[in-house]
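Close look at the chain arrangement
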There are 2 protein chains.
Amino acid sequence: MKVEDIRIGVVGLGLMGSSIVAALLVAGHQVVALAPVSYDAQEAPSKIGRQLELCQQAGMIKNNPSFYLDRLTISEDYDLLGACSIVLECVIEKIEIKAEVYHKITSVVSSKTIIGSNTSAIPISVLQEKVAHPERFLGVHWAEPAFMTRFLEITCGKLTSADCADHIFTLAHHWGKEPTLLKKDIRGFITNRLMYAVYREIFHLLENNVAKQEDFDKAFRYDAGSWMTLMGLFRRMDYMGLGDYAAIIDQLFPELSNSEKVPAKMQEMVQTAAKGIHNSKGLYPYVHGEADQWDEAFASFNNEIHQLAAEYPAGKVNDYLISGKNYQ
Amino acid sequence: MKVEDIRIGVVGLGLMGSSIVAALLVAGHQVVALAPVSYDAQEAPSKIGRQLELCQQAGMIKNNPSFYLDRLTISEDYDLLGACSIVLECVIEKIEIKAEVYHKITSVVSSKTIIGSNTSAIPISVLQEKVAHPERFLGVHWAEPAFMTRFLEITCGKLTSADCADHIFTLAHHWGKEPTLLKKDIRGFITNRLMYAVYREIFHLLENNVAKQEDFDKAFRYDAGSWMTLMGLFRRMDYMGLGDYAAIIDQLFPELSNSEKVPAKMQEMVQTAAKGIHNSKGLYPYVHGEADQWDEAFASFNNEIHQLAAEYPAGKVNDYLISGKNYQ
């Protein structure tokens, strides 16, 4: 089956949902976008149009945005999902709301239609219990902006079939992703667990006045940042020669923070309703207009790192061999 | 005092030492390079010459490599360090050898000469005990390749004077660095602690068969990698809006690995004398010639990310304000 003939449904058109719609359109799919919230349905066309313009500016698409928009249906009517072989859910992180959405989806689609959730907080095995024919349900977790990041985390719940996961894993390469496949449904998946391991240590060091907040950021930006996108963690160890790691692990692991508590600084953020750049209250001070500057900087940086990553794919030995699994 | 008039000594001309020499030459300094190992003294001129050529190719220097090499003295004679106001030590990570080197340095320099160590393993406060006038001693920790990375970790020992640390911190901006200043001498400094916190969790997930090794690498490369160099950790939280962190911390911190043990996989690496790309035995398999490919890829990627980072300096609010502290 050709990618252009695969029709994908997306339910939920907030920030993430509309960004996923743009990613799927750019990949060549026909997309049915369901907006459970009417406001989102009105906003979605112009929002997705702008995202496609960004893709055009970045040289990611061959045709004009209108070509892709013609392949998109936006509606509040779940019946239109009936012809979709894949439906991706991106509604808010509330189990009862998601369960209701799954009920509406499964009422109109075939029992073979794959249903994916973009959740980053709720275990897939928990959500799976709410879905008829749960073997076709899995986590499909995108990074923002979905149309310009290579990350995609595919997570199997306890009941997810291997075929279902393989299908999305293979297709994801056609979406321009470098997908990761989690065979076990662990809380936080991979990236959140790894990042929160870093957060636990960095708040510990901050609370002990080891350095200033901005110095921690600099250290991560210019040390880890200088090899991260090229190598990842295990490859980096091989590159560095492996020699010292065991000895340093032996010294350092026992000294790292094992805290289970929310750090005081983060509690303070919650209590003061700080939303970072979004309300100019956060870990850093913000001046008027700075939020927009960060948004622009991120969009631009993301475009550049996206292109840079394309020049340095994973080592040949470890590349996922897509030949033979091509959809074309 | 002009940068060109500041004479810096570098003791130890291995991989790191010669790379630091190149970085200081490019910054405009006069450099006296001491080679305690004769073999290194013979190899150093061509090695440093090649590094300067890389800088030229990357558009980092205005003059030819020969211009900078004319400002370099390579010798085995410690007396030549006498006119240096800063001496950086980059010999092997053995306390007794470093102590001997410090004794030779302090015998010929003024009591005000700043002495820095590139150690990444030995606490600065421990090394400081081996140095006469210990208030002028501190950690000056570079990332490889020193002439093309923005990272520099400056660490105070218990006895280091604030003036001494400030002096190097300010000067580091003239070296093209985004330095971090550690006011406390903690084991592993910042970056190692943060990275080993990630390693602890990633080995835990690997041992529990959550995903394949290469999938962990992909997740870090394409998720963290897509914002790391732009933002660092705390800025990222502000950018994301802070809202969910406290709740996720509350759920995840208690589930993260608190292991103090060297992971079985890493023990196996030690037992089989695996040195990664350097002897084609490591966490990944390697084919003949692949080590060279990784070296080339890293040199090239590093050049690109170095340039990319220059376009996205830290937010204005948090920029280190160097005006008024200019050496020119």
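About the cut-offs
- Residues numbered from 1 in each chain as written.
- Chains lettered and ligands numbered in written order.
- Predicted model: local features only at pLDDT ≥ 70, side-chain atom pairs only at ≥ 80, totals over all residues.
- Heavy atoms only, no water.
- UniProt positions renumbered as here; feature names shortened; annotations may be inferred.
- Helix = DSSP H or I, 4+ residues; strand = E, 2+ residues; numbered from the N terminus.
- pLDDT = per-residue confidence, 0-100.
- Contact = heavy atoms within 4.5 Å.
- Buried area = accessible area lost by both parts, 1.4 Å probe.
- Salt bridge = Lys/Arg side-chain N within 4 Å of Asp/Glu carboxyl O.
- Polar contact = N/O pair within 3.5 Å; in protein donor to acceptor, adjacent residues only side chain to side chain.
- Nonpolar A, V, L, I, M, F, W, Y, C, P; charged D, E, K, R; others polar.
- Pairing = 2+ DSSP bridges.
- Axes fitted to C-alpha atoms, helices over the stretch in contact; angles between N-to-C directions.

1. Some details on the UniProt feature "transmembrane region" (unreviewed entry) in chain A
- On the UniProt side, "transmembrane region" (unreviewed entry) is annotated at positions that read residues 6–27 of chain A here.
- Summarising residues 6–27 of chain A: 59% helix, 23% strand, and an end-to-end C-alpha distance of 11 Å.

2. Observations regarding the confidence of the model for chain A
- The pLDDT averaged across chain A works out to 90; a share of 95% of its residues lies at or above 70.
- Contacts of residues 315–328 of chain A to residues separated by more than four positions or lying in other chains number 30 contacts, the stretch itself having pLDDT below 50.

3. Description of the interface of chain B and chain A
- In this complex, chain B contributes 123 residues to the contact, which on the side of chain A involves 123 residues.
- Across the chain B to chain A interface the summed buried area is about 12,400 Å²; carbon plus sulfur atoms make up 67%.
- Contact with chain A buries surface across chain B, with R221, Y222 and F234 of chain B losing the most and accounting together for 7% of the total.
- Applying the counting criterion to the chain B and chain A interface returns 6 salt bridges.
- R193 of chain B is the partner of E255 of chain A in a salt bridge, and the nearest nitrogen-oxygen pair spans 3.8 Å.
- Joining chain B to chain A, the criterion identifies 48 residue pairs in polar contact (both at pLDDT 80 or more).
- Every element with two or more residues in the side of chain B that touches chain A is listed here: strand 8 (180–182), helix 7 (189–207), helix 8 (213–222), helix 9 (228–240), helix 10 (245–252), helix 11 (264–271) and helix 12 (290–311) of chain B.
- The biggest single contributor to the side of chain B that touches chain A is helix 7 of chain B, with 17 residues.
- Among the residues forming the side of chain B that touches chain A, the class breakdown is 68 nonpolar, 26 polar and 29 charged.

4. Description of the UniProt feature "domain: 3-hydroxyacyl-CoA dehydrogenase C-terminal" (unreviewed entry) in chain A
- This chain's UniProt record puts "domain: 3-hydroxyacyl-CoA dehydrogenase C-terminal" (unreviewed entry) on residues 188–286 of chain A.
- In this annotation, residues 188–286 of chain A is assigned 59% helix and 0% strand; the end-to-end C-alpha distance for the span is 30 Å.

5. Details of the sheet that holds strand 8 of chain B
All names here are of chain B.
- Spatially, 8 strands are ordered 3-2-1-4-5-6-7-8 in an open sheet, and the strand pairing comes out mixed. If you trace the sheet from one side to the other, it starts and ends with strand 3 (72–75) and strand 8, each paired once. Strand-to-strand twist of the sheet, defined as the mean angle between neighbouring strand axes without regard to direction, takes the value 20°.
- Pairing analysis gives 4 bridges linking strand 1 (residues 7–11) to strand 4 (residues 86–89), with the strands arranged parallel. Following the sheet pairing, V11 is matched in strand 4 by E89.
- Against the sheet, helix 1 (residues 15–27) touches strand 1, strand 2 (30–34), strand 3, strand 4 and strand 6 (137–142), its axis set at about 170° to strand 1.

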